[in-house]
Amino acid sequence: MLAGGAAAGAFGSLLGLGGGVLIVPLLTLGFGLDLRAAVGVSLVSVIVTSSAAAGVYLERNVANLRLGMTLELFTALGALGGGLIAFLIEERLLAVLFAALLGYVSLSMVRHGLAAEDGTPPEPPLEPPPDDDPPPGTNGRDLRARAIERLSGDAYTVRRIGTGVAGSVFAGVVSALLGIGGGIIKVPLMHIGMGVPLRVATATSNLIIGVTASASAVIYLLRGEIDPYVAGPVAIGVFVGATAGSRVAHRIDLRVLRGLFVIVLLYTAFQMLLRALG
Amino acid sequence: MSDRHPVDRRFERRLGRLLITVMYVAVILLLVGVVLMLATGVSPMSGGPGLDPARLVGDVLALAPAGFLWLGLLAVIATPVSRVLGAAVGFIRGGEPLMAAISLAILAVIALGVVVAILAG
């Protein structure tokens, strides 16, 4: 379990994903744990890795604290709803949803890998897309303009706050239902949707993930779905794996790793579907 | 666009250090729990005891793995909450009522989760 957690943490750290995508299948398919119990353990591990990273990003002034806290209010609301819905949904449906998530992550990684090999950026450039928000200071919306100014960073202006709020609620629900950090939703949401530079979006996402996972982990904890004998070793394994992964990242051929990871994810998605179908 | 004030940067550095410190305390508690599990031959699949706040101190004093693991898990879950609390204090001191209100609203949502989970049994 320690080794599995370490592998999940290392993979997650090398590929910029949280460990949750791998921990839930590891515990359900590998150790026969109930899916909800696995989600509870995964949430704990997600808090460990994201908080450690968020602390470093805050110390280095990379994360956008104000934007992060504004969005995390809405992810926490989503996580509260998702944490409650999770106990009403049949486990088979949760397994199907998780398999769909794994499929989506695999396709995203293939797309990202192909774009990197082509030398084309995987995502639109940082120049903000045409948006539905008026520029700050126009139409007499001074309060809104001041809020946008406070949420923006030194070299960029945040846009589409409404999109960010809606996407954050969705990310919170998904995180609580499936035990993932939700960075795969939040980073593109901030970067592509709100015009936040990728590095800042990644750092801010780590900040948000901790609170989102905490809001739902509390519900799992109080409903007796977190087993300390499982959560302890897995969390330690993930912490060690993520730390080691970040140190060796520059020495590893990420194309090979990404290919292996996609195969593992697709195989896991297939196994989760089989489990869902009984 | 806004230039971040040096006070902002110091505030964020302090919050970052708080987050890292609480996280390391949590990881050390979990590590002690895992070492005690290995030392006493407890299998991860044996089904751990549920959280019982009344037994927590006794378990820790008796060097029972569950005591340290539960303390560590509670510290892990409290880590982001402590950061939000620290931010709320900072925003109140800095005279930013909107951000202070957002921080307190986040804490209220988490508290609401606790209440709902307890009521739902």
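Everything numeric in this text was worked out from a predicted model, so none of it was measured. (Residues numbered from 1 in each chain as written. Chains lettered and ligands numbered in written order. Predicted model: local features only at pLDDT ≥ 70, side-chain atom pairs only at ≥ 80, totals over all residues.)

Turning to the overall build of chain B, a few remarks are in order. Of the regular secondary structure elements, chain B holds 4 helices and 0 strands. Ordered by position from N to C terminus, the α and β elements of chain B give α-α-α-α. Relative to the compact-globule value of 14 Å for 121 residues, chain B shows a C-alpha radius of gyration of 19 Å, a clear excess of over 25%. The proportion of buried residues among the 121 residues of chain B is 36%. (Helix = DSSP H or I, 4+ residues; strand = E, 2+ residues; numbered from the N terminus. Rg over C-alpha atoms; globule rule 2.2 N^0.38 Å. Buried ≥ 20, exposed ≤ 12 C-beta atoms within 10 Å, placed from the backbone.)

Detailed reading of predicted coordinates is not advised where the pLDDT is low. Residue and element names in this part refer to chain A. Per-residue pLDDT for chain A has a mean of 81; in total, 85% of the residues score no lower than 70. Within chain A, the element-level pLDDT minimum falls on helix α5 (residues 91–118), averaging 77, and the maximum on helix α4 (residues 65–85), averaging 90. Predicted confidence for residues 121–132 stays below pLDDT 50, and this span has 16 contacts to residues more than four positions away or in other chains. Confidence drops under pLDDT 50 across residues 134–138; counting only partners more than four residues distant or on other chains, this segment forms 6 contacts. (pLDDT = per-residue confidence, 0-100. Contact = placed C-beta atoms within 7 Å.)

All names here are of chain B. Note on placement: T40 falls in helix α1 (residues 6–40). A count of 10 C-beta atoms within 10 Å places T40 in the exposed class. The spatial distance from the C-alpha of T40 to the C-alpha of A64 is 8.9 Å, given a sequence separation of 24 residues.

Moving on: the nonpolar core. With 125 residues, the main nonpolar core has V41(A), V44(A), V48(A), A76(A) and A235(A) as its most contacted residues. Setting aside chain neighbours within four positions, we find A235(A) in contact with G5(A), V44(A), S45(A), V48(A), L30(B) and V76(B). (Core = buried A, V, L, I, M, F, W, Y, C linked by C-beta atoms within 7 Å.)

This part is about helix α7 (residues 161–178) of chain A. One turn of the α-helix equals 3.6 residues, which is why residues spaced by three or four share an orientation. Residue and element names in this part refer to chain A. Taking 1.5 Å of rise per residue, 18 residues should cover 26 Å, and α7 covers 26 Å from first to last C-alpha, within 8% of that figure. If you check which residues of α7 are buried, you get G164, G167, S168, V169, A171, G172, V173, V174, S175, A176, L177 and L178. Where α7 ends, the next residue or the one after it, G179, has phi of about 75°, a positive value. (Expected span 1.5 Å × (residues − 1).)

Bringing the packing of α7(A) against helix α9 (residues 198–222) of chain A into the picture now. Residues and elements named next belong to chain A. One way to put it is that α7 packs onto α9 with a least axis distance of 9 Å and a crossing angle of 50°. It follows from the interaxial angle that α7 and α9 lie oblique. Helix-helix and strand crossings are classified by hand; for α7 and α9 the assignment is right-handed. Residues G172, S175 and A176 of α7 touch α9, and the partners they reach there are T212, A213 and S216. Residues of the contact of α7 with α9, tallied by class, amount to 2 nonpolar, 4 polar and no charged. (Axes fitted to C-alpha atoms, helices over the stretch in contact; angles between N-to-C directions. Parallel < 35°, antiparallel > 145°, perpendicular 65-115°, else oblique. Left-handed = near helix turned anticlockwise from the far one by under 90°. Nonpolar A, V, L, I, M, F, W, Y, C, P; charged D, E, K, R; others polar.)

What follows concerns the interface of chain B and chain A. Between chain B and chain A, the contact holds 52 residues from the first and 51 residues from the second. If one sorts the elements of the side of chain B that touches chain A by residue count, α1(B) sits on top with 15 residues. The residue makeup of the side of chain B that touches chain A, split by class, is 35 nonpolar, 11 polar and 6 charged.

In this section: the environment of G167(A). Tracing the chain through its elements places G167(A) in helix α7. Among all residues touching G167(A), those that are not within four sequence positions of it are I185(A), L189(A) and G193(A).

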